[in-house]
Each structure stands twice: as C-alpha cells, then as structure tokens.
Amino acid sequence: MNRFKASKFRYTEARLPRREAWIGGIRAGSVTSCGNHVKASCRWIAFNAEAAGVLGIVPLECEGGGKRTVSQLCCHSDVVTDFDFSPFDQLLLATGSADEMVKVWRLPESGQDMPGSAGLTLGSVGGPVDVLLFHPTADGVLASGAGKRVTVWDAGQQQPLTALDSHGDQLQSLAWKGDGRLLGTSCKDKKLRLFDPRAGPAAFQSVPGHENNKDSRLLWMGSSDCLISVGFSQMREREVKLWDTRRFNGAMLTMALDTSPSAAIPLYDADTGLLVLAGKGENLLYCFEVAPAQPALTQVTQCRTEGSTRGLAAVPRLALDVMACEVLRVLQLTDTALVPVSYLVPRKSNQDFHEDLFPDCAGTLPATGAQAWWAGDNQQVGRVSLHPARRPTETFSSPVITCTLPQAADTSSTEPDADRSEDSSYSLPSSPASLSASTGPSSGFASSPSQKSLQSILGPSSRFRHTQGRVLHRDTHLTNLRGLSLTTPGECDGFCTNHQRVALPLLSAGGQIAILELSKPGRLPDTAMPTIQNGTAVADLSWDPFDPRRLAVAGEDAKIRLWRIPEGGLQETLREPEAILQGHTEKIYSIRFHPLASDLLVSSSYDMTVRIWDLSLGRETLCLRGHTDQIFSLAWSPDGKKLATVSKDGRLRLYEPRRSPLPQQEGPGPEGSRGARLVWVCGGNYLLVSGFDSRSERRILLYRAQALPEGPLSVLGLDVAPSTLLPFYDEDTSVVFLTGKGDTRVFIYEVTPEPPYFLECNSFTSNEPHKGFVFLPKTACEVRDVEFTRALRLGQSSLEPVAFCVPRVKKEYFQDDIYPPTRVWWEPALGGSAWLAGEDGQQRRISLRPTNMTPVSEAPKEAPARKFVPASVYLEEKSDEQKKEELLSAMVARLGNRDDPLPQDSFEGVDEAEWD
C-alpha cells in the first residue's frame, strides 16, 4: 500500500452471508494433502466429499432463486488430493489422487447428469499426486506434482511435455507465472525453485524459503516478477514472505502472522493486489493488500466465521457482483456447508460501474495451444471488461475432450431413507446393479438432480448408520484387574475371549495368564488368583472355537503351548500344558484357528514362514513360504480354503495351502511399515486391510480377493495415530469395527462390494483409552434390544461389555432384516485330517429368533392414523343458525363451565362482632 497515497481498498469489508445463502447440508472430507480442497469456476464448485475418491459438485449460482442441487462425482479409487478448473473452459476439471492417476473430466451443463467416466486419463505419475494446476495462457497444458517430480502435460495428446526433477524432497506447491513462461515450486527441503519448462528440466534459480519444513505455499503475483510464499519459521510461527525473482537471494519482506500450528491457505487476486489467508481448522480470515514496490503488506480487514475452515477457494472475477462493489469473493468449506464471503468496497453510489475498482481482467479465450506454447509461443490472454454492458458473452469449449455428451446413469435405485437437508438437495446415485459393472479405479457414477428422493453426498446410506454403542451396567463388569500386561506385540489383540471366559496376559514374570469367567462378573479379590504359568512371555493367544476349554498360547521362545481349562474355571495354577508344538526357529507373531475344521492351527513367525499344525497329531503338516519381511497379520477365508497374509515388505499374499507352499497371488499392500491387519469381507470375495500410508495416516483398503495385483478398489483415510487399527468384521451384517490399542474411538463402517464401498456409521467413543477391544460371538447378543454385536473393552483396571444396537421402533418384533441365519460357529464342519486330505465342509446355520417373538416382516400392517378431518365434513351444508350455535359452543368450551362456583364463593365470612 502506498504510504503517501491512500489505497482505494483501505475500507474493504468482509461481509458474511445469512445462513439462507449458505450451501448447506454437505459433508466435507478430511483429506491430508497440499490442496485447497475446494475450487470454483464461473459455473461449478467442486469440493472434497467425505467418501474417498468422491468430489461434491454444486452450481456456483442457483437458477431461478431455487436451491442448489449437490451432485457427486466418483473420480478415483483413492482420496482425491487436488483438483483444478480450466481457466478457459468452465466445465473442464482435472483431478489427481493418491491412486497415482490424473484424470480430466467435462462437467455437464446445469440440470444434466454427472459424467460416469473420465474424459481422459493421463496415466500414472509414479506416486500419489500432490498438486495440480492448469496453465494460465495455453489451453490443455496441465502441471502435476507427485513426490519429487513435476510433470507438465499436453492433455490433448495425453503425453507429458517434460518432467522437472530438481527437488530434494516432497513437493508442497507449484505456481505458474501469469504470462505462462515460468513455473515456481516450494518443497519440503525448505527451498523455493524457479523453472523454465521449455528451456530444460533443471531449476535455473533456487533459494532457501521458510526455515521449517511444514506445509508451505507459493503464489505468483500475476505476470510480475514477484512471488508470495506462506510457511513456518524456525520457531514455528506462521509467516508470509515477498520475493523478487530479479534479486532472488532473499525475501524482500517477512511478516509473522501468529503461532498457530495449522497450515495457511493463501489466495491472491492479481487485479486488486488482495491476499486472503485462512488456517485449516480455524475460523479467522485475514485480508492483506500487497504492494511489492514498497515493499509492504498491510492488513485491510479480518473476519471471524461460524465454522472452521476445511478449504478455501476464490471465485473467478467474471462471476463477481460488480454493481455491488464486490471486489473479491471467497468460498469457505466447512464440515457441513460452503460459505461465500464477499469483500466489498463501500461507495456512495451502487448504480454506477466503478472502473477504478474493476480494471479489465483476463478473459476466457486461450492465447495459444499446448503444442504452440511448447514451441515457444508467448502470446497473452486478451483482457475483457467487467462492465455488465460490455462483458463478453462467448464461451470457450476446449477440444481436449471432444465428446461433450454425458453418459446416462441408471436411476432405478431404491428409495433411500437418508434424512433430507433443508438447505440443499442431493442427487441420487446409480443403482448397485449399474455400479457393479464399473467398479474399477477409473469408474465413476452419475447422479441425477431431478430425483425426488434425496440422499447425502455419500450416496447410499447404511441401515446401521445410527448404530449406538453403550457400555452395559456396572453389574456386568469385571473390576479390580491388577498387573495387566500392556506390552503385548502389535500383532496380538492384547487379550482373547470366547462365550465363556477371558484370557488376559499379566505383567508378572514367566508369562502368566489370568483366566476369568464371564458368568462371574464383579470385583476381583485383592489376593492372588490362580493363573496359567506359560513359562515365557506371551506373543499371541487364541481360544479354540470348537473347544471352549482349550487355549493356544504362542511364546517368544518359538513354541506354541496348548492349555486345557478345567470345568468351572481355574481353581489352581496350571503349570503343565496339554501339548507343546515346536517347529518355528524364531519368535512367533500370531496364531489363528481354522474357522471350519477342528484341530487345525496356523502360526506365523520371525523365520518368515507360516506353518499349519494338526493338533490331533501334535505336529506341523504344512509350511508356507515366500515372505521377505515380518508378517503383520494372517487370516483364513470364510470357506477355510485360502489364507491371506500382509507383511512389512508392503505385499499382500494369498495362499491355497493344500495346493502349494508358495503364494497363489501377490499384490501391493499398505505403504507404511508400522503395522497392518487384514480380514475377509463380503462373503470372502474381498479383503479389507488396515494400515498406514507414507505420512503415517491410518487408512483402510479394500481389495478384490481374485485380483490382488490390480491394487485396492478403494482407500479410505481415517486419522493419524500410532497404533494399528484392529478390524472385526460381522459377516451377518457386513459391518466392520476398527479401533487400536490406546484409542478412545471405534470406527464403524458397512462394507459393500459396490462404490463407494465404505458406508460410515456412528462411531463409539469412550471416556478413557482402552487397552484392548475384542468382540464376543454372535450368540452373546440380546436380540430383544436389537443388539447385533457385543464386545469387551479392556480398561486400566476393568473389563466392560459394550453393546452395539440399532434403534428400532417395534422392538417387540424380531428384526429379521438385521438377524439373518447365523453360522453355528461352535460346531466344526469337518475334522482337521479330512481337511488336509482335500475335503471341504460348510457349517449349518440357525436363526437367533426367540420362540415367542414374531418377525417384523410378518408384523400386521397398521393403517396410518388420519391426521386431518375428511373434506366431506367441510362440504356438508349447514345453516347460519347451526354455524352460530357451533361457534358459541366452542367459545363456551374454551372458557369452561360457567355454572361452576367461583373461588371466592367458598370463602367464609366474618362475625358481625368483628366489625366493631
């Protein structure tokens, strides 16, 4: 801001709209990326939705004063990390994802269906896409950043023009110069770099940027030689720096903002020189005027919003309300709404166009094409007037995507039961039948804004979405637990349970294990109790599903001990196991009983082998090989034919043990090396894996069991925490529960074989961290309370049962839609020797319906209560006298019975003598 001349923007005010003007009812996603999470063109707004790989799409302006319809665009198989609208074609949207793909979409005109597939795919970029940005002057030129590389694409040819590889660490942001000649980047190695992509792949200038390697952003100030960077200082203060590329050896100006730990999202308008800053997770918007000639950075205004910022975007200048002196408009993405914030310059007259506030801006016709720009063409985009009478009306349609007809979607889906939003309506996704044909990573599904039934942005909603988890009464707790072992390996659940008793490893020397009877809740005595003396530290333990008295314990001495619990529980300390299995040469990771065959146990070890034991013979029968690093988890398929493993080398392996000791299939697993778990879902056709990404974010991945090499169908990021998520899958309801040791939250999702694959349900939260969370068999549930799962939560000194119920109105009926026939899990389908000989079996199923309960599907249908008086009553002809009598009767009824005595009539009088 000029120190001698007053700025015309010094009185700029940020005006927050009323709630009626919000785009409400949305569910924004929590994506860990360098993107802004929301972008806008003159026609559409795109934002990260809560479901992985899905963008919410909503019109920028509502037509006819009606409500905006929020549609969904299923873009990728993993989270959408960044996206950008073309500056020329207002319907062209580029998306990048953690699935390493860059796609370009043509959005429809308003009122049409969303596209079912991408217009073009630019292929894999060699890592998760971090940033995307269209070229400011050439149509079809797109820059993408992934890892340490920036790739400049010719989208029309679907070929890269060049790759810029001078970065020493993770890329954090990139920015085109306004004239399209140069490209600037910021990086986690704390350096800013300048590239001339057409001159060579190496940076021609670089300079140390911000002293902290936390998230930094770089913006080019239009076509000038100046840059703005936002980052953190060595003292973790947020700061803004101004740079001059002609003297690129240090910042012209450095200004500290505050000490907030969240990254700041910057938006810069080159025509006004206004800079808006907002921190992720905060509700404060800063607005500065930037004057690089001074240099100066002067705060103009700041405003506090109602919701916390998830993302921020600037509306194109051609969409501003210039007659209201709106010089800037930003869109704040919150958890449940998009809030437009207008920056207005107060003027005496709003009837005139103020040319000093609105200079000509860049138009929407590109100056050149991709190949011409690459050959050296530096033509600039023509500027247009913002005056309403002189504003151009022509639109540009990019030839990058030639087909502009959106694919029709099947809208024959069933009636949803999701709640309707009062602020905005959601379009209905395709039916599951139409989705199953396009479940690959590049598939999307269209939505129709003309649907009468409205759904949330997640598409289908789970019938378990209102699941309620509650800790049962204290009378059912086991309390006064002392000396618990909290150092069991990450591959162990911490303790194990069956329908009769619980096994808890203790901290005492010698690998002691406490056995507690679930039928005897209450406070445990302060005196010592009988235990199992395992003889070595416990690595993992598991109950035999077909023999509730047999406990298998894996020790750190590479041995597996089988213990038999007496009827009624432990009465004295057990020191001699029933059997000892030897064969592994190093410490054992985990053990699992076969789900169908009796006397079969599988174990994994540090010797990189998986061994299957016949307990009736007390010896090893099969040994599976092929692992190159630590085995994190293993799981039997529901039919007992296959065995899946996930290991530290980042690979998933699928075995058929009776056919070959080597894996039948291999595929990429979670990136992180901190731990992983896997479980079979959806009838054994899919594998769900929990693990970490390269940034230590916990995530779950869904794989098709017959196509592991193709990678995950869907990836859903959950949160950042150190413990591995332990999954439990309820095969009757297709609901998965996920929590970790030391967590206070249990995530709940319904898993479906069609997009979006994961349907979120209410999570369960406890007041204190749990040391373990293990689920009981299905028969432990109380069906009269519509309880479909029960778990045991291990606290600091107590064991608490937690019931997960579905709220229902007619609890007197058996909810047969929630309780299908369940497996008789306590009866083996065949013996272990028969299974080893090649036989297969199947367990029978039984109903959980009590004999005195009627299924809700057979409940008599009740006639709906009449809420209104029939019209025939009003149509009867009545005389004036009848109407007058009815009116008087109604008035008397409201006043009460006038023959009733008044209160003062019952008062007693006084004697005549009292008046003297």
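Only a predicted model underlies this, so the values are computations on that prediction, with no experimental measurement involved.

(A) Region of interest: the overall build of the protein chain. The helix and strand tally for the protein chain stands at five helices and 71 strands. Evaluated residue by residue, the protein chain yields a buried proportion of 54% over its 916 residues. Restricting to contacts in the protein chain with at least 6 residues of sequence separation, those with at least 24 account for 54%. In the structure as shown, the protein chain presents an accessible area of about 40100 Å², 48% of it carried by carbon and sulfur atoms.

(B) Highlighting unusual backbone geometry. Along the chain, Gln294 connects to Pro295 via a cis peptide bond; the corresponding omega equals -10°. Along the chain, Pro295 turns up in the loop between β26 (284-291) and β27 (296-304). In this structure, Asn480 is a non-glycine residue whose phi angle is positive, near 65°. Tracing the backbone through its elements, the reader meets Asn480 in the loop between β38 (478-479) and β39 (496-497). The backbone of Met608 sits at a positive phi, close to 70°, despite the residue not being glycine.

(C) Expanded view of the sheet that holds strand β13 (residues 141-146). Ordered in space as β11-β13-β14-β15, the four strands form an open sheet in which the pairing is antiparallel. With partners counted over all chains shown, the strands left at the sheet margins are β11 (129-134) and β15 (159-164), one partner each. Averaged over all adjacent pairs, the angle separating strand axes in this sheet is 20°, with direction ignored. With six bridges connecting them, β13 and strand β14 (residues 149-154) associate as antiparallel partners. Paired with Ala146 across the bridge in β14 is Arg149.

(D) Expanded view of the sheet that holds strand β57 (residues 677-681). Here four strands make up an open sheet; going across it, the order is β57-β58-β59-β60 and the pairing antiparallel. Each having just a single partner strand, β57 and β60 (714-720) make up the two edges of the open sheet. Looking at each pair of strands side by side, their axes are set apart by 20° on average, direction ignored. Bridge count for strand β59 (residues 697-704) against β60 is six bridges, and the pairing is antiparallel. When the sheet's bridge partners are listed, Arg698 is paired in β60 with Asp719.

(E) The environment of Gly209, seen in detail. Mapped onto the fold, Gly209 is located in the loop between β19 (205-208) and β20 (217-220). Classification of Gly209 by relative accessible area gives buried; the value is 8%. Gly209 sits 40 residues away from Asn249 along the chain, and the two C-alpha atoms are 9.9 Å apart. Excluding residues that lie within four positions of it along the chain, Gly209 makes contacts with Lys190, Lys191, Leu192, Lys241 and Trp243.

(F) Focus on the pattern of salt bridges. Overall, the coordinates contain 58 salt bridges when judged by the stated rule. Residues Arg698 and Asp719 are paired through a salt bridge, measuring 2.9 Å at the closest nitrogen-oxygen approach. With Arg698 in strand β59 and Asp719 in strand β60, the pair connects residues that are 21 residues apart, well separated along the chain. Taking relative accessible area as the criterion, Arg698 reaches 1% and is therefore assigned buried. Here the residues in one salt-bridge network are Lys177, Asp179, Arg181, Asp225, Asp244, Arg246 and Arg247, joined through shared partners.

(G) Representation of a nonpolar patch on the surface within the structure. The grouping of Leu887, Leu888 and Met891 at the surface amounts to a nonpolar patch, some 300 Å² of accessible area in total. In this fold, Leu887 is placed in helix α5 (residues 880-895).

(H) Region of interest: the pairing of strand β30 (residues 337-344). Among the eight residues that make up β30, eight are buried, leaving the element largely enclosed by the rest of the structure. Along β30, one buried face is formed by Ala337, Val339, Val341 and Tyr343 and the opposite face, lined by Leu338, Pro340, Ser342 and Leu344, is buried too. Strand direction decides the pairing type here: strand β1 (residues 13-15) and β30, joined by three bridges, are antiparallel. Looking at β30, one finds that Arg15 is bridged to Ser342. Bridge count for strand β2 (residues 23-24) against β30 is two bridges, and the pairing is antiparallel. Along β30, the bridge assignment pairs Ile23 with Leu338.

(I) Broad picture of the packing of aromatic side chains. Enumeration according to the criterion identifies 21 aromatic pairs in this entry. With 6.1 Å between their ring centres and 20° between their planes, Tyr286 and Phe288 make a pair best called stacked. Summarising the burial analysis for this pair, Tyr286 and Phe288 share the class buried. An aromatic cluster is present here, built from Phe464, Phe728, Phe737, Phe764, Phe773, Phe775, Phe788 and Phe804 joined pairwise through their rings. Across the ring face of Phe232, the terminal group of Lys214 is positioned such that the distance to the ring centre comes to 4.4 Å. Above the ring of Phe692, the side-chain terminus of Arg674 is found at 4.7 Å from the ring centroid.

(J) Structural context of the nonpolar core. The biggest cluster of nonpolar side chains holds 29 residues, and the ones touching the most others in it are Val276, Leu285, Leu312, Val327, Val330 and Tyr343. Contributions of two or more residues to this core are made by β24 (264-269), β25 (274-279), β26, β27, β29 (326-333) and β30. With four residues, β30 is the single largest residue contributor to this core. Contacts of Leu312, omitting those with residues within four sequence positions, involve Asn36, Val38, Ile265, Leu267, Val276, Ala278, Leu285, Val330, Leu331 and Gln332. In this structure, Ala52, Leu688, Leu713 and Leu716 belong to the second largest nonpolar core, which totals 23 residues.

(K) Structural context of the pairing of strand β5 (residues 54-59). For β5, a buried count of six out of six residues is recorded, marking the element as mostly surrounded by other parts of the structure. Sheet topology note: the strand β4 (residues 44-48)/β5 ladder contains five bridges and is antiparallel. When the sheet's bridge partners are listed, Phe47 is paired in β5 with Gly56. Taking the residues that link successive antiparallel strands as the turn, the β4-β5 hairpin has five residues, and the phi of Gly53 there is positive, at about 80°. Inspection of the sheet shows β5 paired to strand β6 (residues 69-74) by four bridges, in the antiparallel sense. Note on β6: the bridge partner recorded for Gly56 is Gln72.

(L) Spatial organisation of the confidence of the model for the protein chain. Taken residue by residue, the protein chain gives an average pLDDT of 85. The fraction at 70 or more is 88%. Per-element confidence in the protein chain ranges from a low mean pLDDT of 32 for helix α2 (residues 432-435) to a high of 97 for strand β62 (residues 735-739). Below a pLDDT of 50 lies the segment residues 403-458, which in the model reaches 136 contacts outside its immediate sequence neighbourhood of four places, other chains included.

(M) Structural detail: the side chain of Asp269. Mapped onto the secondary structure, Asp269 falls in strand β24. At 2.7 Å, the side chain of Asp269 forms a polar contact with the side chain of Thr272. There is a polar contact of 2.8 Å between the side chain of Asp269 and the side chain of Arg317. Discounting residues that sit within four places of it in the chain, Asp269 has contacts with Leu274, Arg317, Val327 and Leu328.

(N) Looking closely at the state of the cysteines. Enumeration over the complete set of coordinates arrives at zero disulfides. You can see Cys74 has no disulfide; the closest cysteine sulfur is in Cys75, sitting 6.9 Å from it. Accessibility expressed as a relative area gives 7% for Cys74, which makes it buried.

What counts as what
- The residue numbers shown here count from 1 along each chain, following its written sequence.
- Owing to the predicted nature of the model, reporting of local features is limited to residues with pLDDT of at least 70; listing and counting of side-chain atom pairs is limited to 80 or more, with chain, interface and lining totals taken over all residues.
- Values shown for side chains rest on all heavy atoms present in the structure; no hydrogens or waters enter the calculation.
- Note on conventions: DSSP H or I runs of at least 4 residues are helices, E runs of at least 2 residues are strands, and numbering of each starts at the N terminus.
- Each residue's exposure class comes from its accessible area (1.4 Å probe, protein chains only) as a fraction of the maximum for that residue type: buried when under 20%, exposed when over 50%, partly exposed otherwise.
- Between two residues, a contact is recorded if the distance between any of their heavy atoms is within 4.5 Å.
- Working definition of accessibility: Shrake-Rupley area with a 1.4 Å probe, residue cover restricted to the visible protein chains.
- Two strands make a pair as long as DSSP finds a minimum of two bridges between them.
- A fitted line through C-alpha atoms serves as each axis, taken over the contacting stretch for helices, and the angle formed by two N-to-C directions is quoted from 0 to 180°.
- Should a side-chain nitrogen of Lys or Arg be within 4 Å of a carboxyl oxygen of Asp or Glu, the pair is scored as a salt bridge.
- A residue counts toward a patch only above 30% relative accessible area and without a salt bridge, and it is joined to like-charged neighbours within 9 Å or, for Val, Leu, Ile, Met, Phe, Trp and Tyr, to nonpolar neighbours within 5 Å.
- A pair of Phe, Tyr and Trp rings is counted when the ring centres sit within 6.5 Å of each other, with Trp represented by its six-membered ring. The angle between the planes then sorts it: under 30 degrees is stacked, over 60 is edge-to-face, the rest tilted.
- Counting as a charge over the ring demands two things of the Lys NZ or Arg CZ atom: a distance within 6 Å of the ring centre and an angle within 35 degrees of the ring normal.
- Among buried residues, those of type Ala, Val, Leu, Ile, Met, Phe, Trp, Tyr and Cys that are joined through side-chain atoms within 4.5 Å constitute a nonpolar core.
- Values of pLDDT, which run from 0 to 100, indicate the predictor's confidence residue by residue.
- Polar contacts here mean pairs of N or O atoms no more than 3.5 Å apart (in protein, one a potential hydrogen donor and the other a potential acceptor; neighbouring residues in sequence count only if both atoms are side-chain atoms).
- Put simply, a disulfide is two cysteine sulfurs that come within 2.5 Å.

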